Structures are given as structure tokens and as C-alpha cells.
Amino acid sequence: MKIISTNIGKPTTFIWNGKEETTGIFKKPTGKPIYLTKNDVINDEVSNRLNHGGYYKACYIFSAEQYPYWKALYPDLEWSWGMFGENLTVSGFDEHEVYLGDIYKVGETLVQISQYREPCYKFGYKFGTQQVIKQFIEHGYGGSYLSILEEGHVHVNDEFILVDRPESTLSVADLFQLVFAKEKDQELLKIAASSKAIPPKKRFWLSSYIK
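This text gives an overview of the structure that appears in the document. Keep in mind the model is a prediction, meaning the values are calculated, not measured. (Residues numbered from 1 in each chain as written. Predicted model: local features only at pLDDT ≥ 70, side-chain atom pairs only at ≥ 80, totals over all residues. Heavy atoms only, no water.)

1. Examining the packing of aromatic side chains
Okay, so step 1: Under the criterion given, the structure shown has 28 aromatic pairs.
Okay, so step 2: Each ring, one from Tyr 69 and one from Trp 70, has its centre 5.2 Å from the other, and the planes form 85 degrees; the classification is edge-to-face.
Okay, so step 3: Take Tyr 69: its relative accessible area is 36%, and that puts it in the partly exposed class.
Okay, so step 4: Using a relative accessible area of 0% as the deciding quantity, one classes Trp 70 as buried.
Okay, so step 5: The positively charged end of Lys 184 is found above the aromatic ring belonging to Tyr 209, 4.8 Å away from the centroid.
Okay, so step 6: Sitting over the face of the ring of Trp 205, Lys 202 holds its NZ or CZ atom 4.9 Å from the ring centroid. (Phe/Tyr/Trp six-rings, centres within 6.5 Å; stacked < 30°, edge-to-face > 60°. Buried < 20%, exposed > 50% of the residue type's maximum accessible area, 1.4 Å probe, protein only. Lys NZ or Arg CZ within 6 Å of the ring centre and 35° of its normal.)

Written out as C-alpha cells, the structure is:
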């Protein structure tokens, strides 16, 4: 896994249901290093602190390999890295091979795979249709949030070097599919409910589906 773009969003206002709102989802490549803190990315807009930023969602990464799929669906959009609101566009990011709780050394930082991404209406607004939210969930590759264990700069071409992996956990892809599945896999639920790699509130919510 390697960083191919560092992306920052400035405050963007738009009208939703007759009301003015602000979002940081319109991220653009910076062409320079960015600094990851334990709560967010320096100089990056986080408009809704209830659902973005904080320990479990300090930085969002997305796979460069998923871009061709979406470009084919939405060829008329103005495409650049950061299109999905990610701070780091990463090549070689296989969500079936990256696990919740994985710890990586990248640049000056130490990061941990921490949380799935749940798309909202702001994502739909950016793509020009709320239909994209359903498409995003059905496609099954939502990227991942990071917790920042050691703060610092990350640069384009920095590689993610695996330092540690929990014994009992789920892949990023498995968790994403499990959360949104109508019929939830009971074996995966049991792993999720007992895995300390998954945030406590999400772990508790998933355990409620165990039969």
C-alpha cells in the first residue's frame, strides 16, 4: 500500500432542503505532505464533528483501484484524487486483505485501521444524485478511517508497513458488508462482537443482531 495523493478539503457551502450547510467532502490534491493528528488532519475542513473526525475517524483513506469503476458510472463528473472525500488516496489497498485493528507505520506516523465509512447525503450531493449512496453500499468497497497512534506528516509515495495485526478481527470488506447486509452472517457477527479492534459502540450494535 502506498500513498499516491494527499487531499485536503476547504469549507464548501450548499443548500439542502432549503437550508445552508457546510461540508468538507470537496477535497483536492495538495501536492505536499499533510499532518495527521489524533483527531483530524491539519487544515482539513471537518464540518460535522458528530460523524467525522475524532479518535476513530481522524483520517479517511480510499483505494485508487476503485476509481475506474466509478469513473465509468459517472463519466461527466470532474475527476481528481480526493473525489470520495478521502485524505489519502492509496494504491494497493485491497480491502479483503486489510483488517480492523491493523497497525501500520506510514511516513512519520503510526496509524490503525479503525472504522468503515458510511456515506451520507453530502456524498450524494457531490455526485449529483442520492442514488450513489445505494451504489456505494452495493459495490462494497468503502475505504477505511484511521486512528492516529503517533502524529506526524505523511507524504506522497510513503508506504504502509504492517507492524501488528489482531488475532481475532474482520477485514475492512467483511465489516462493510456485515454492517449493511439485511441478513447478517452470524459467524462474522460473533467475531465482530468480541473483537477489540472494532469501536465499542459499533461492536455493541453488531452484537444485538446475534441470534
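2. Observations regarding helix α3 (residues 131–139)
Okay, so step 1: Listing the buried residues of α3 in full gives Val 132, Ile 133, Phe 136 and His 139. In an axial view of α3, the angular spread of the buried residues amounts to 135 degrees, which keeps them on one side of the axis.
Okay, so step 2: Residues of α3 that are buried sit in contact with β6 (59–63), α1 (67–73), α2 (121–127) and α4 (172–180).
Okay, so step 3: Downstream of α3 by a residue or two, Gly 140 has a phi angle that is positive, lying close to 90 degrees. (Helix = DSSP H or I, 4+ residues; strand = E, 2+ residues; numbered from the N terminus. Arc of directions from axis to C-beta. Contact = heavy atoms within 4.5 Å.)

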